[in-house]
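# Coordinates in review
In case you want the letters, here they are:
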Amino acid sequence: MAAPLTLLLIVAITVRAALYRSSLADLISERVEVVSPLTAWKRVVEGLALLDLGVSPYSGDVFHETPLIIYLFHFLVDYAEMTFILADVITAVALYLTVKDYNKQVFRKQKYALEADRYPLDCLELIRSPKEMFYIPLKVAMFYLLNPFTILSCVAKSTCGLNNAAIALFILSTVKGNVLLSAIFLSVATYQSIYPLTLCAAALLYLMQRQYIPVNFRRASFWWFIAQYAFMYLGSLFVIVCLSFFLLGSWDYLPSVYGFILSVPDLTPNIGLFWYFFAEMFEHFRLFFLCVFQINVFFYTIPLSIKLKEHPVFLIFMQLAVISIFKSYPTVGDIALYMAFLPVWSHLHRFLRNIFLVSCVLLACSALFPVLWHLWIYAGSANSNFYYAITLLFNVAQILLVSDYFYAFLRREHHLTYGLYLKRKDGSEATLVLK
Amino acid sequence: MAAHRCSYSALLLIVCSLSVFSVADSQETTLAGDHHDTAVDDNPRTDTVTAEQTAEQPAVDQRRWEATEVEEATLDDADTDTRDSIPPETAVPSSVPHPKDDFQEELVIRPLHSGDIYASFQFRTLWETDFMRGNKVSHYRLFPKSLGQVISKFSVRELHISFTQGYWRTMQWGQPFQPSPPGAELWVWFQDSVTDVDGTWKELTNVLSGIFCASLNFIDSTNTVQPSASFKPLGIGNVTDHRFLRYAILPREIVCTENLTPWKKLLPCGSKAGLAVLLKSEKLFHSSFHSQAVHIRPVCQDWQCKTTSWELRQTLNVVFDLHTPGQGKREWSLFKMFSRTLTEACPLASSSKIYIDITDDPQGEQFEVSPATPLLSQAMVLGDRRTFSVYDLTQQLTFGTARSLNLLIRWKSSEGEMLRPLLHAERYVAGYGLQTGEIHTLMYNNHPYRSFPVLLLDSVPWYLRLYIHTLTVTSKGKDNKPSYIHYQPSKDRVRPHLLEMLVQLPPNSVTEVTVQFERALLKWTEYTPDPNHGFYVGSSVISSLVPSIVAMDTNSTQERPLFSSFFPCKEESSYFVRVYTEPLLVNLPTPDFSMPYNVICLTCTVVAVGYGSLYNLLTRSFQIEEPSPGLAKRIANVIRKMRGVPPL
């Protein structure tokens with residue numbers, strides 16, 4: 001299994017290296033779909049230049065990276081391309097190992113269930129075979145590494161790749177059951193962009209499941225475990241935040257990084273929902289809608305974790321998707337991360353309702369983004385509404401994609417309990433509806 | 001060296017007086033006074049003059065006191081009376097060293113090589129008082145009360161404000177006497193006793209906005225900067241802590257009559273008498289360039305600087321485009337330019353003069369000035385030695401028999417080379433599209449062999465996000481690293497970018513400064529009413545000590561003694577020049593202003609689609625669909641229920 005993965009890595013690195021050398025690299029790094037004000041490489045370089053001039057990079061409103069990133073690139077600025085390729089490779093390998101481990105567990109669980117005769121008889125065709133699961137980890141790595149979104153993001157040197165690596169390492173350590181590393185990587189991911197905070201619910205559920213701790217509010221072991229995890233998470237977050245403080249000697253970065261993420265002052269167009277909405281917002285409703293939109297990202301955590309408490313990995317997937325759709329400065333790199341998980345749910349394909357339509361819309365929108373951008377910004381023959389319409393459509397398509405997978409997942413679980421071919425009371429063939 | 005300097009200036013004085021002299025003693029003092037006015041930097045000469053005159057001080061003081069006690073209504077008569085009664089050597093009050101307050105007016109006219117006419121008015125009010133002391137200054141005579149109150153209320157140490165319509169074309173017109181950028185410019189040094197400088201600045205701009213009927217109230221933190229080196233105090237005092245300096249520029253400001261009227265009201269004679277009668281707005285604003293300014297600063301009263309006084313300098317510069325090729329004949333007169341002639345000086349003015357720059361025409365070949373004047377004056381202006389014909393309006397002789405003065409210049413030939421300005425600059429935006437762009441600033445050093453440093457100040461609004469790492473400075477194809485860079489990055493909606501740097505310009509070269517920027521998308525309420533017109537970026541300011549044209553001339557064949565011309569003279573070797581570049585007009589991407597409701601509805605719909613589909617899946621569960629009974633059956637069931645019969 002190592003040989004195909006190596007081959008994949010070589011191909012991926014070659015593609016990236018070739019693109020770095022081509023004239024496309026400059027073009028890609030200016031694309032608003034690929035880089036946001038938070039993640040643009042140009043702004044990292046600007047921050048380094050400001051540091052060289054003896055000006056605090058956070059005194060202006062151009063640089064919004066965390067202090068650790070600026071110190072990382074203070075030493076690695078000459079090897080930036082290698083760093084970003086490496087980040088992608090780390091993410092891919094981490095996801096590969098994660099899915100491999102996860103599949104093993106899925107298979108083991110399925111075996112126990114089969115042995116216990118828990119599945120209805122007509123569900124045999126829903127049972128997953130090791131043969132079809134064998135290539136899934138490789139597919140996941142491939143989906144991440146060869147996804148045009150990831151490649152664009154890497155070639156543009158968007159620091160989104162580094163955030164993805166942190167999240168992937170967090171998922172790996174969670175799935176491997178390493179509580180400490182899980183907490184540390186989660187705090188790194190949170191430190192980088194706040195939103196991964198919502199992943200902690202999934203991590204807790206998974207780790208408790210693994211350690212056979214029941215999710216029961218009346219059990220001391222449950223609370224004890226949460227306290228342990230929270231201590232490790234907050235402790236490492238505290239260490240990182242203090243480290244940043246000592247690196248710069250001021251707290252300026254807190255408003256400049258997190259205030260910037262939460263209050264969305266920069267309305268540069270991107271693929272998200274925030275920019276045009278807040279450009280056109282009435283001034284006295286701004287704060288209200290800002291709160292509504294930001295709460296929206298965090299809001300789904302609790303109901304989703306209740307619904308999916310048996311399936312934390314699917315919960316992670318759902319959370320990543322929700323974050324990348326509703327975050328304030330999304331880029332295609334964020335989408336690439338949750339899309340890498342799609343092969344893991346390949347067994348749900350028979351229950352997906354409108355995957356063809358959604359994938360067509362996603363593809364069409366991806367192609368239309370640069371076209372309409374050109375018409376608006378360069379040709380002047382279109383206006384901002386054109387680009388805005390495409391972002392709306394793109395987000396609707398993403399929402400449909402995610403909710404379709406969620407639907408399929410729930411439906412399969414339902415079938416695994418109640419049988420695949422359901423009959424009505426009068427014996428005729430029944431259709432399932434949500435009620 | 002000092003002795004050498006003194007002897008040189010004394011010599012110059014004598015040379016000047018010899019070249020002019022056919023008139024009495026009184027005129028000699030006038031000439032000395034002229035030097036005092038036109039060449040302010042020329043310290044030694046002024047020193048000698050004032051030193052000679054300190055002896056007369058007490059008597060004159062007394063007289064001035066008498067003059068102020070006279071009732072306002074009879075002031076004119078009183079003035080003429082004193083003029084008649086005083087002895088001839090003190091007839092011209094400009095030689096009076098210690099007046100309590102003093103007003104001078106002058107007009108400089110320079111025919112430009114392009115065929116245009118440059119007219120520069122200067123009105124100077126000096127007042128020996130202290131606005132900062134605890135007791136309030138309540139008795140105002142010549143100094144405008146509105147400005148005096150502003151100075152004391154806001155603890156202003158220096159105030160410079162200018163309103164300009166049009167752009168000064170340095171390459172065609174040479175250097176102006178008072179440079180100013182298009183639009184409004186305001187810079188203020190506050191006293192170091194001011195604690196809340198920003199608050200005071202905000203209030204001050206609002207008050208000035210009222211005084212000058214201008215949109216100065218649009219000056220806020222997003223267009224105010226604190227330059228670290230470019231703007232030094234011009235008056236006395238060497239506190240240069242730039243925390244007390246505020247500088248703002250409004251390139252969009254349109255200057256018109258409503259700004260001129262309050263400006264004229266600050267003059268002691270208003271526009272009733274003196275040179276100010278020429279200031280008719282329909283003529284002044286029918287010109288290629290119009291700039292009016294007010295400068296307030298503390299200056300030394302005597303050469304030891306024991307007492308200080310406040311100087312208010314009101315200047316107005318106009319360039320008239322009188323060159324009409326169709327007519328064949330090129331001539332202008334005061335009446336043609338201003339549709340007025342002069343009949344008297346301002347009675348309150350201690351000196352009132354018109355200067356005509358005849359440097360380019362010493363033999364009267366190019367143009368002819370009439371009426372001719374015997375008075376000539378020489379001065380160092382912007383590093384160049386210029387010769388002027390002088391018309392003293394306080395002398396009845398000037399007005400002749402017609403009792404009105406209408407100066408007339410008639411061109412004889414249109415040839416003539418203008419000396420190219422040694423320093424000039426231009427600026428433009430490069431790039432296409434509305435995403436990024438690049439600001440190019442070109443600075444030309446036309447000096448044939450000497451390099452000099454310039455200070456470049458750029459204040460760029462926050463919505464053009466500058467990337468300082470893309471800053472390049474090249475001259476003659478080589479990288480020219482600035483020796484000093486002061487950069488303050490912008491804060492969105494709070495403060496602009498400030499870039500100041502010291503660049504050495506190599507001789508005879510063009511230095512190009514480029515920096516890239518990104519255009520921001522603003523909130524729809526932040527756009528101006530005409531957003532697709534573009535957004536203005538204020539002129540960059542280039543300040544420099546430029547080697548003077550006189551010093552450039554090392555092989556001087558002019559009537560200078562050999563012993564005086566070996567070492568380049570220090571005072572004349574360089575002079576201060578401030579050059580403003582063009583303001584920029586930059587387009588930004590715009591949202592569609594017509595559809596805030598639509599956008600709010602559509603975006604909220606998408607969020608609701610996300611919320612709804614997840615809510616659906618989260619709260620409902622799968623159930624087998626039971627076919628619902630038809631409508632007829634349901635109605636029948638309702639009826640059967642009412643009848644108490646079991647349903648179908």
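Scroll up to find the structure.
Let me sum up the structure you'll find in this document.

Analysis parameters
Residues numbered from 1 in each chain as written. Chains lettered and ligands numbered in written order. Predicted model: local features only at pLDDT ≥ 70, side-chain atom pairs only at ≥ 80, totals over all residues. Heavy atoms only, no water. Helix = DSSP H or I, 4+ residues; strand = E, 2+ residues; numbered from the N terminus. Buried < 20%, exposed > 50% of the residue type's maximum accessible area, 1.4 Å probe, protein only. Contact = heavy atoms within 4.5 Å. Pairing = 2+ DSSP bridges. Axes fitted to C-alpha atoms, helices over the stretch in contact; angles between N-to-C directions. Parallel < 35°, antiparallel > 145°, perpendicular 65-115°, else oblique. Left-handed = near helix turned anticlockwise from the far one by under 90°. Nonpolar A, V, L, I, M, F, W, Y, C, P; charged D, E, K, R; others polar. Core = buried A, V, L, I, M, F, W, Y, C linked by side-chain atoms within 4.5 Å. Domains from an automatic or database assignment. Salt bridge = Lys/Arg side-chain N within 4 Å of Asp/Glu carboxyl O. Polar contact = N/O pair within 3.5 Å; in protein donor to acceptor, adjacent residues only side chain to side chain. Expected span 1.5 Å × (residues − 1). Phe/Tyr/Trp six-rings, centres within 6.5 Å; stacked < 30°, edge-to-face > 60°. Disulfide = S-S within 2.5 Å. Patch = residues over 30% accessible without salt bridge, like charges linked within 9 Å, V, L, I, M, F, W, Y side chains within 5 Å. Areas by Shrake-Rupley, 256 points an atom, 1.4 Å probe, with all protein chains shown as cover. Lys, Arg positive; Asp, Glu negative; His and termini not counted. Charge placed at Lys NZ, Arg CZ, Asp CG, Glu CD.

## A closer look at the overall build of chain A
When helices and strands are tallied, chain A shows 20 helices and one strand. For chain A, the spread of C-alpha atoms along the three principal axes comes to 75 × 55 × 55 Å. Across the 435 residues in chain A, those meeting the buried criterion constitute 58%. The long-range fraction of contacts in chain A, counting pairs at least 24 apart against all pairs at least 6 apart in sequence, stands at 76%.

## Quick word on the pairing of strand β2 (residues 117-127) of chain B
Residue and element names in this part refer to chain B. Extensive coverage of β2 is indicated by the burial of 11 of its 11 residues. Burial along β2 is two-sided: Ile 117, Ala 119, Phe 121, Phe 123, Thr 125 and Trp 127 and Tyr 118, Ser 120, Gln 122, Arg 124 and Leu 126, pointing in opposite directions, are all buried. Sheet topology note: the strand β1 (residues 101-111)/β2 ladder contains 11 bridges and is antiparallel. When the sheet's bridge partners are listed, Asp 101 is paired in β2 with Trp 127. As consecutive antiparallel partners, β1 and β2 are separated by five residues, and within that stretch Gly 115 has a phi angle of approximately 95 degrees, a positive value. Two strands pair when backbone bridges link them, and β2 and strand β8 (residues 308-320) are joined in this way by 11 bridges, in the antiparallel orientation.

## Some details on the packing of helix α17 (residues 312-326) of chain A against helix α18 (residues 332-339) of chain A
Residue and element names in this part refer to chain A. Two elements in contact, α17 and α18, have axes separated by 9 Å at closest approach and are oriented at 165 degrees. With respect to their mutual orientation, α17 and α18 come out roughly antiparallel. Our pair here, α17 against α18, has a crossing hand that is left-handed. For the pair α17 and α18, the contacting residues are Phe 317, Leu 320, Ala 321 and Ser 324 in the first and Asp 334, Ile 335, Leu 337 and Tyr 338 in the second. Residue composition of the contact of α17 with α18, grouped by class: six nonpolar, one polar and one charged.

## Some remarks on the nonpolar core
Counting 212 residues, the largest nonpolar core has A:Phe314, A:Trp345 and A:Phe406 as the members making the most contacts within it. Looking at which element gives the most residues to this core, the answer is helix α20 (residues 384-418) of chain A, with 16 residues. Of the domains in this structure, domain 2 (423-586) and domain 3 (595-622) of chain B are the two that each give at least three residues to this core. In terms of nonpolar packing, the next biggest core, distinct from the first, is built from 88 residues, B:Ile211, B:Leu316, B:Cys346 and B:Ala349 among them.

## Concerning the interface of chain A and chain B
With 70 residues of chain A at the contact, the number on the chain B side is 55 residues. Inspection of the region where chain A meets chain B yields three salt bridges. Measuring nitrogen to oxygen at the nearest pair gives 3.7 Å for the salt bridge that ties A:Glu283 to B:Lys523. Counting across the interface, chain A meets chain B through 29 residue pairs in polar contact (both at pLDDT 80 or more). Those elements giving two or more residues to the side of chain A that touches chain B turn out to be α3 (41-53), α14 (274-279), α15 (286-299), α16 (301-307), α17, α19 (355-379), α20 and β1 (432-434) of chain A. Per element, the largest residue contribution to the side of chain A that touches chain B is 13 residues, and it comes from α20(A). Grouping the constituent residues of the side of chain A that touches chain B by class yields 44 nonpolar, 11 polar and 15 charged.

## Some details on helix α5 (residues 80-115) of chain A
Its 36 residues give α5(A) an end-to-end C-alpha distance of 52 Å, which sits within 8% of 52 Å, the value for a rise of 1.5 Å per residue. A:Asp117 sits one or two positions beyond α5(A) and adopts a positive phi of about 55 degrees.

## Structural notes on the pattern of salt bridges
Residues and elements named next belong to chain B. For the structure shown, the criterion picks out 29 salt bridges over all chains. In this structure, the salt-bridge partner of Arg 141 is Asp 101, at a minimum N-O distance of 3.4 Å. Here Arg 141, found in the loop between β2 and α6 (145-153), pairs with Asp 101, found in strand β1; they are 40 residues apart in sequence, far enough to count as distant. The exposure class of Asp 101 is buried, given its relative accessible area of 4%.

## Brief notes about the packing of aromatic side chains
Residue and element names in this part refer to chain A. Enumeration over the complete set of coordinates arrives at 68 aromatic pairs over all chains. For the ring pair Phe 299 and Tyr 300, a centre distance of 5.5 Å and an interplane angle of 75 degrees mean the geometry is edge-to-face. On the numbers, 4.9 Å between centres and 80 degrees between planes, the contact of Phe 314 with Trp 345 is edge-to-face. Here Phe 314, found in helix α17, pairs with Trp 345, found in the loop between α18 and α19; they are 31 residues apart in sequence, far enough to count as distant.

## Some remarks on the side chain of A:Thr159
All names here are of chain A. Structurally, Thr 159 can be placed in the loop between α8 (148-155) and α9 (160-175). One polar contact links Thr 159 to Glu 65, side chain to side chain, over a distance of 2.8 Å. With residues up to four places along the chain from it excluded, the contact list for Thr 159 reads Leu 38, Thr 39, Val 44, Glu 65, Ile 69, Phe 73 and Phe 84.

## Digging into the state of the cysteines
Residues and elements named next belong to chain B. In this structure the tally under the stated criterion is two disulfides over all chains. There is a disulfide in this structure between Cys 269 and Cys 346, and the S-S distance comes to 1.7 Å. Taking the sign of the torsion about the S-S bond as the criterion, the disulfide between Cys 269 and Cys 346, at about 65 degrees, is right-handed. Placement of Cys 269 in the loop between α9 (257-265) and α10 (281-284) and of Cys 346 in the loop between α11 (334-338) and β10 (351-357) is noted, with a sequence separation of 77 residues between them. We note that Cys 269, like Cys 346, is buried.

## Brief notes about the environment of A:Ala367
Residues and elements named next belong to chain A. With respect to the helices and strands, the residue Ala 367 is situated in helix α19. Accessibility expressed as a relative area gives 48% for Ala 367, which makes it partly exposed. The sequence separation of Ala 367 and Leu 38 amounts to 329 residues, and the corresponding C-alpha distance is 24 Å.

## Details of the sheet that holds strand β25 (residues 574-580) of chain B
Residues and elements named next belong to chain B. The strand order β20-β21-β17-β24-β25 describes an open sheet built from five strands, whose pairing is antiparallel. Both edges of this open sheet fall to β20 (484-488) and β25, since each of them pairs with a single strand only. The average angle at which neighbouring strand axes cross in this sheet is 15 degrees, direction not considered. Bridge count between β20 and strand β21 (residues 497-505): five bridges; the pairing is antiparallel. By the bridge assignment, Ile 485 is partnered in β21 with Met 501.

## Concerning the sheet that holds strand β9 (residues 331-333) of chain B
All names here are of chain B. Pairing is antiparallel across the open sheet formed by three strands, whose spatial order is β9-β14-β11. Of all the strands in the sheet, the pair left with one neighbour each is β9 and β11 (367-370). Looking at each pair of strands side by side, their axes are set apart by 10 degrees on average, direction ignored. In terms of strand pairing, β11 meets strand β14 (residues 408-411) through four bridges, oriented antiparallel. From the neighbouring strand, Phe 367 faces β14, where its bridge partner is Trp 411.

## Thoughts on a positive patch on the surface
All names here are of chain A. A contiguous patch of positive charge on the surface is contributed by Lys 100, Lys 104, Arg 108, Lys 111 and Arg 210. Sort the elements by how many residues they give to the positive patch and α5 lands first, with four residues. Along the chain, the position of Lys 111 falls in helix α5. The class of Lys 111 is partly exposed, set by a relative accessible area of 46%.

## Quick look at helix α7 (residues 136-145) of chain A
Residue and element names in this part refer to chain A. Most of α7 is tucked away, with seven of its 10 residues classed as buried. Of the residues making up α7, those classed as buried are Ile 136, Pro 137, Leu 138, Val 140, Ala 141, Tyr 144 and Leu 145. On its buried face, α7 is in contact with α1 (2-21), α5, α6 (130-134), α8, α9 and α18.

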